[in-house]
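Structural overview for review
Okay, here's what each chain looks like letter by letter:
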Amino acid sequence: MTERVVLAYSGGLDTSVAIGWIAEQTGAEVIAVAVDVGQGGEDLDVIRKRALACGAVEAEVADARDEFAEEYCLPAIRANALYMDRYPLVSALSRPVIVKHLVAAAGKHGAGTVAHGCTGKGNDQVRFEAGIVALAPDLACIAPVRDYAMTRDKAIAFCEQKGLPIATTRKSPYSIDQNVFGRAVETGFLEDIWNAPTEDVYEYTANPAEPREADEVVISFEAGVPVAIDGAPVTVLQAIRQLNERAGAQGVGRIDMVEDRLVGIKSREVYEAPGAIALITAHQELENVTVERELARYKRQVEQRWGELVYDGLWFSPLKRALDGFIQEADQYVTGDIRMTLHGGRAVVTGRRSSESLYDFDLATYDAGDTFDQSKAQGFIEIFGLSSKIAARRGTRQA
């Protein structure tokens, strides 16, 4: 029986060439699998037909937009996941859902190998392969660009030699990855970290410096899940899409950073994630109102580790699953409404209300009706500071 390889297929030049390249290098039949995570672009059926025209023996397409939003983006929102306190894991979140469909296709078609189009110096090769072996330990993984030195020049030559039905002339100066949760841009002149991004880099966001009227929005949550925008019920996918449009129109969600890649190098990345930033900002503020202090403090530590695990490609790891359980428990009372003003590239919270609020007006007020017994503060301070006081005395004796 002929070996079979499942290829993560995007419809672009590199993965289209990879179909024939893998067949020639390994003698295997190639099954192309394309997964829609809200990246836009060409119709899935067009992509499927192109894969077949490029030599795939089978081609599958999966509409995973709702799955991606509910099972991958939502956990990131509830985790307030910002790698290095800034990056909302746009690309890292899409890889495990793609991996899940690749592994399912490998089982369906009897393939022993999964292939992807990643290079040997990026994070995505790890995300794909660590995810694949976590779900199917016996599957092998190959990456033509990394393993068979399939450079872009070689890919173009192969495409022209074989007469493959894909354009080879126009090449963007940037490397771009996008989905419904955001857009990642790198390479080209951005590799010089002194160069400022130009407006042509951006697609999901308008220039925040341009004058325009502010946009006020109310986002409603139930147990940490966004369920309504301005009172109208939404799915998670609809919430992200609507806020991509509204926050993006105000220039919200632009991120220009030098980040620490898993492979040990620093890389300059430009991101756009208007919906993600708006939702995470709102969710964080509602947690401030509804989550008890010690739980909130510990959750912030969990959030950082959760983000690192996902960034590093360990979505299916035991620790990540265990932290998911903690986050779900911590978010059980994160229910209520957050009012935000979207303007000038910022999402600013201006109002909060919740039936589960821990904010007690009578305890917080300094006006009449104050129920906080200030007379007890002195004794509390004496006990709280006692250990420091004793240590200070010791230091005085030794001086």
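Residues numbered from 1 in each chain as written. Predicted model: local features only at pLDDT ≥ 70, side-chain atom pairs only at ≥ 80, totals over all residues. Heavy atoms only, no water.

Attention shifts here to the overall build of the protein. Of regular secondary structure, the protein possesses 14 helices and 14 strands. Each of the three principal axes of the protein carries a C-alpha extent, and together these read 85 × 55 × 45 Å. By residue count, 47% of the 399 residues in the protein fall in the buried class. By sequence separation, contacts in the protein at least 24 residues apart represent 73% of the contacts at least 6 residues apart. Side chains of the protein carry 42 positive and 59 negative charges; the gap between the two charge centres is 4 Å. (Helix = DSSP H or I, 4+ residues; strand = E, 2+ residues; numbered from the N terminus. Buried < 20%, exposed > 50% of the residue type's maximum accessible area, 1.4 Å probe, protein only. Contact = heavy atoms within 4.5 Å. Lys, Arg positive; Asp, Glu negative; His and termini not counted. Charge placed at Lys NZ, Arg CZ, Asp CG, Glu CD.)

Looking at the element boundaries, Ile166 is found in the loop between α7 (152–162) and β6 (175–179). As for Ile166 and Ser16, which are separated by 150 residues in sequence, their C-alpha atoms are 7.9 Å apart. Each residue touching Ile166, except ones within four places of it in the same chain, is listed here: Gly11, Gly12, Leu13, Ser16, Arg50 and Cys159.

Next up on the list: the sheet that holds strand β12 (residues 266–272). With respect to topology, 4 strands assemble into an open sheet ordered β6-β7-β12-β11, the strand pairing being antiparallel. The two strands at the open ends of the sheet, each matched to only one other strand, are β6 and β11 (254–260). Averaged over all adjacent pairs, the angle separating strand axes in this sheet is 25 degrees, with direction ignored. Summarising the sheet, β6 and strand β7 (residues 182–186) pair through 5 bridges and their orientation is antiparallel. Counterpart to Gln178 in the pairing with β7 is Arg183. (Pairing = 2+ DSSP bridges. Axes fitted to C-alpha atoms, helices over the stretch in contact; angles between N-to-C directions.)

Another aspect to go through is the layout of surface pockets. By volume, the second largest pocket amounts to about 270 Å³. Lining the second largest pocket are 13 residues, and of these Ala79, Asn80, Gln284, Arg300 and Glu303 sit closest to its centre. Per element, the largest residue contribution to the lining of the second largest pocket is 5 residues, and it comes from helix α10 (residues 293–311). Of the residues in the lining of the second largest pocket, the class split is 4 nonpolar, 4 polar and 5 charged. (1 Å grid on protein atoms, 1.4 Å probe; cavity = no way out; pocket = protein on both sides within 12 Å on 5 of 7 lines; lining within 4 Å. Points joined across faces, edges and corners; volume = space filled by probe spheres on them. Nonpolar A, V, L, I, M, F, W, Y, C, P; charged D, E, K, R; others polar.)

It is worth spelling out helix α1 (residues 13–26) at this point. For α1, with 14 residues, the first-to-last C-alpha span of 20 Å sits near the 20 Å given by 1.5 Å per residue. At Ile19, α1 shows its largest kink, close to 30 degrees. (Expected span 1.5 Å × (residues − 1). Bend = angle between axes of the 7 residues up to and from the residue.)

Core analysis: the largest hydrophobic core is formed by 79 residues, its most contacted members being Val6, Phe68, Leu89, Leu93, Ile219 and Trp306. With 10 residues, helix α4 (residues 90–109) is the largest single contributor of residues to this core. Leave out the neighbours within four places in its chain, and Ile219 touches Ala228, Ile229, Leu243, Ala278, Leu279, Ala282, Gly336, Asp337, Ile338 and Met340. Listed in part, the 27 residues of the second largest apolar core include Tyr9, Ile22, Ala32 and Ala155. (Core = buried A, V, L, I, M, F, W, Y, C linked by side-chain atoms within 4.5 Å.)

Okay, the environment of Asp360 next. In this fold, Asp360 is placed in the loop between β14 (346–353) and α12 (361–364). As a C-alpha pair, Asp360 and Val289 span 71 residues in sequence and 10.0 Å in three-dimensional space.

The buried fraction of strand β1 (residues 4–8) is high, at 5 of 5 residues. Of the two faces of β1, the one carrying Arg4, Val6 and Ala8 and the one carrying Val5 and Leu7 are both buried. Across 5 bridges, β1 lies against strand β2 (residues 29–36) in parallel orientation. Across the sheet, the residue bridging to Arg4 is Glu29, located in β2. Taking the sense of rotation as the criterion, the β-α-β connection linking β1, α1 and β2 turns out right-handed. Bridging between β1 and strand β4 (residues 113–115) involves 3 bridges; their strand directions are parallel. Looking across to β4, one finds that Val6 is bridged to Val114. (Right-handed = clockwise from strand over helix to strand, strands pointing away.)

A word on unusual backbone geometry. Peptide bonds are mostly trans, and most non-glycine residues show a negative phi. Positive phi, normally seen in glycine, also occurs at Met84, with a value near 55 degrees. Secondary-structure assignment places Met84 in the loop between α3 (65–78) and α4. With a relative accessible area of 34%, Met84 lands in the partly exposed category. Even without being a glycine, Leu89 presents a positive backbone phi close to 60 degrees. Mapped onto the elements, Leu89 comes out in the loop between α3 and α4. With a relative accessible area of 0%, Leu89 lands in the buried category.

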